[in-house]
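Residue-level structural notes
In case you want the letters, here they are:
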Amino acid sequence: MTGSEATVGASLGPSDLVLGIETSCDETAAAVVRGGREIVASVVASQDELHARFGGVVPEIASRRHAEIITATVAEALARAEVSWDELAGIAVTHGPGLVGSLLVGVAAAKGYCLATGLPLVGVNHVEAHLVANFIHAPGEPAAADEGLLPALCLIASGGHSDIVLVANLGAYRIVGWTRDDAAGEALDKAARVLGLGYPGGPAVDRAARAGNPGVFSFPRPVIADSYDFSFSGLKTALLRTVTTLAEARAGDSAGPEVATAVPPGAAGLPAAVVADLAAGFQEAVVDTLVRNLTRAAGVYGTRQVMLAGGVAANSRLRDKLTGWHRASGVAIAFPPLNLCTDNAAMVAAAGFLKAQRSGWDDLELDVFSAMPLADHV
Ligand code: KG4
Ligand code: ZN
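Residues numbered from 1 in each chain as written. Chains lettered and ligands numbered in written order. Predicted model: local features only at pLDDT ≥ 70, side-chain atom pairs only at ≥ 80, totals over all residues. Heavy atoms only, no water.

Broken down by element type, the chain carries 13 helices and ten strands. Against the 2.2 N^0.38 benchmark of 21 Å for 378 residues, the chain shows a C-alpha radius of gyration of 22 Å, consistent with a compact globule. Each principal axis of the C-alpha distribution contributes one length, and for the chain these read about 70 × 45 × 35 Å. When the 378 residues of the chain are sorted by exposure, 52% land in the buried category. Residue pairs at least 24 apart in sequence account for 73% of intrachain contacts in the chain once pairs closer than 6 positions are excluded. Accessible area for the chain stands at about 15,600 Å²; split by element, carbon and sulfur atoms hold 54% of it. In the chain, 26 side chains carry a positive charge and 39 a negative one; their mean positions are 7 Å apart. (Helix = DSSP H or I, 4+ residues; strand = E, 2+ residues; numbered from the N terminus. Rg over C-alpha atoms; globule rule 2.2 N^0.38 Å. Buried < 20%, exposed > 50% of the residue type's maximum accessible area, 1.4 Å probe, protein only. Contact = heavy atoms within 4.5 Å. Areas by Shrake-Rupley, 256 points an atom, 1.4 Å probe, with all protein chains shown as cover. Lys, Arg positive; Asp, Glu negative; His and termini not counted. Charge placed at Lys NZ, Arg CZ, Asp CG, Glu CD.)

Between Gly96 and Pro97 the backbone carries a cis peptide bond, its omega angle lying at -15 degrees. Here the bond from Tyr199 into Pro200 is cis, since omega is 0 degrees, no more than 30 degrees from zero. Positionally, Pro200 belongs in the loop between helix H6 (184–194) and helix H7 (201–210). Although it is not a glycine, Glu82 sits at a positive phi angle of roughly 55 degrees. Along the polypeptide, Glu82 turns up in the loop between helix H3 (59–81) and strand E4 (90–96).

Now for the site of ligand 1. If you check the shell around ligand 1, you find 19 residues, and the closest are His130, Gly159, Asp189, Gly202 and Asp206. Backbone polar atom of Gly185 to an oxygen atom of ligand 1: 3.2 Å apart, as the coordinates give it. In the environment of ligand 1, an oxygen atom lies 3.0 Å from a nitrogen or oxygen atom belonging to the backbone of Gly311. Protein chains shield 88% of the accessible area of ligand 1, which is 550 Å² for the free molecule. At the level of elements, helix H5 (126–132), H6 and H7 are the ones that each hand at least two residues to the shell around ligand 1. Of the residues that constitute the shell around ligand 1, the class distribution is five nonpolar, eleven polar and three charged. (Near = heavy atom within 4 Å. Polar contact = N/O pair within 3.5 Å; in protein donor to acceptor, adjacent residues only side chain to side chain. Nonpolar A, V, L, I, M, F, W, Y, C, P; charged D, E, K, R; others polar.)

The tendency in soluble globular proteins is for nonpolar side chains to be buried side by side. Leu153, Leu155, Phe219, Phe282, Leu290 and Leu318 are the most contacted members of the largest nonpolar core, which totals 48 residues. Breaking this core down by element, the ones donating at least two residues are strand E6 (152–157), strand E7 (162–169), H6, H7, helix H8 (233–251), helix H10 (272–301), strand E9 (305–309) and helix H11 (316–329). If one sorts the elements of this core by residue count, H10 sits on top with 13 residues. Those residues in contact with Leu290, other than ones at most four positions away along the chain, are Leu155, Ala184, Phe230, Phe232, Val312 and Leu318. Grouped together as the second largest cluster of nonpolar side chains are 45 residues, Ala29, Leu131, Ile156 and Ala356 included. (Core = buried A, V, L, I, M, F, W, Y, C linked by side-chain atoms within 4.5 Å.)

Okay, the pattern of salt bridges next. One side chain can pair with another of opposite charge once the charged atoms of both are near each other. Applying the stated criterion across every chain, the model contains 16 salt bridges. Measuring nitrogen to oxygen at the nearest pair gives 2.8 Å for the salt bridge that ties Asp288 to Arg221. Of this pair, Asp288 sits in helix H10 while Arg221 sits in the loop between H7 and H8, and the two are 67 residues apart along the sequence. Sharing partners across several salt bridges, the network here consists of Arg221, Glu284, Asp288, Arg317 and Lys321. (Salt bridge = Lys/Arg side-chain N within 4 Å of Asp/Glu carboxyl O.)

Another point: the coordination of the zinc ion (ligand 2). Distances from the zinc ion (ligand 2) to its protein donors, namely His126 (NE2), His130 (NE2) and Asp343 (OD), fall within the range 2.0 to 2.1 Å. Sequence positions of the residues that donate to the zinc ion (ligand 2) give the spacing H-x3-H-x212-D. One end of the pair is His126 and the other is His130, both in helix H5 and four residues apart, which spans about a single turn. Comparing His126 with His130 shows no difference in burial state: the two are buried. (Donors = N, O, S within 2.8 Å, 3.2 Å for Na, K, Ca; no water.)

The interhelical angle for the contact between H6 and H7, taken along N-to-C directions, is 65 degrees, at an axis separation of 7 Å. Comparing their axes, H7 and H6 come out roughly perpendicular. Of the two elements, H6 crosses H7, and the hand of that crossing is left-handed. Residues Leu188, Asp189 and Ala192 of H6 pack against Gly201, Gly202 and Val205 of H7. Looking at the contact of H6 with H7 residue by residue, the class counts come to three nonpolar, two polar and one charged. (Axes fitted to C-alpha atoms, helices over the stretch in contact; angles between N-to-C directions. Parallel < 35°, antiparallel > 145°, perpendicular 65-115°, else oblique. Left-handed = near helix turned anticlockwise from the far one by under 90°.)

Another aspect to go through is the pairing of E9. For a regular strand, side-chain orientation follows a simple rule: the groups alternate between the two sheet faces. Extensive coverage of E9 is indicated by the burial of five of its five residues. Neither face of E9 is exposed, since Gln305, Met307 and Ala309 on one face and Val306 and Leu308 on the opposite face are all buried. Here E6 pairs with E9 via four bridges, running parallel. Residue pairing in the sheet places Leu155 in a bridge with Leu308 of E9. With three bridges connecting them, E9 and strand E10 (residues 332–334) associate as parallel partners. By the bridge assignment, Gln305 is partnered in E10 with Ala332. (Pairing = 2+ DSSP bridges.)

Pairing within the open sheet is mixed, and its five strands lie in the order E8-E7-E6-E9-E10. Looking at which strands have only one partner, the edges of the open sheet turn out to be strand E8 (172–177) and E10. Along the sheet, successive strands turn relative to each other by an average axial angle of 25 degrees, direction set aside.

Turning our eyes to something else, we now look at the side chain of Gln47. Secondary-structure assignment places Gln47 in the loop between strand E3 (38–46) and helix H2 (48–52). Taking the relative accessible area as the measure of exposure, Gln47 reaches 2% and is therefore buried. Beyond its immediate chain neighbours, meaning those up to four positions away, Gln47 contacts Asp26, Thr28, Ile61, Ala62, Arg65 and His66.

Below, the structure is given as structure tokens:
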């Protein structure tokens, strides 16, 4: 394919089926999506159990597991969709950003299927796929977001990203804010580790925080002047310092054991009630920071809709706070269902459909990228 041909959009219609493949991190996923919108089948094989004892994703284990189950995952998606290879219009695969070894498995598999079937290939940016999750739906159900309310802002908060994206149209993006250090999900995962809450951390912090009081420990809400950018590394250090101080105080406190028998111990021997308060306080600081920048940007850009995407969009406190803001401001708010917030291949199939429609298919030279900017920062 020549450079000029690559800019010509593929002719794809509402009934065309695309197979999506996702292996950028620790979920092996495959899905079939009709017309870039309707989910026909979506299979996600989580590796959480494999990585839990290490407290985080081990890249070598992740790519090996992807390689073991990718074929079965794709076969399962096609079987559930009751679709054969010759009924597909193309194959979409995440080719960045993510773990290079993991991405390679999905991309190699997709290329193999394309070679064997003659189907065309399209590479997808994982961050765009998260955003597109707002516009896809199960049969008979509405999509989370209203395309008629574009331009809109989307907060993409995951293990690797905390981006505020101005979506003029599907395919036309500008970054309004991003993280200067840790992503929101990464901060929550690290907090869970410090608090002894296990892996994956985000859902564990969310659960623990429900039993806690966010007002007991106060954590900073980092502000970057004249910017909607985020910085979460100071917050993480503040938690570490608080936990260390509490643990040291308990070690020298003779009353400690009595408290410890009243409630099961959490991190560093802290009572579960204290861990719950720490989780609630930390989560509140992360959520406040996300909500503050997002809602300020919505005011300045005058958007009528705000969307959430990425694993952290599953956070119950974030959803509650933004729902409260929606009631007060009247700005529409879109949350994809939980299974479309975390990694899945339906969003990849849909993003691939839209990308192929706009700028054509890719060739089989498609490469993988650990970093892959979605758009320029304004
Ligand atoms: O989008 P995702 O599945 O993978 C990446 O692209 O990174 O996001 C994973 C991140 C993890 O950091 C996980 O802890 C976080 O999303 N997460 C949550 C929740 N569920 C998943 N964070 C907060 N609350 C949740 N309920
Ligand atoms: Zn993701």
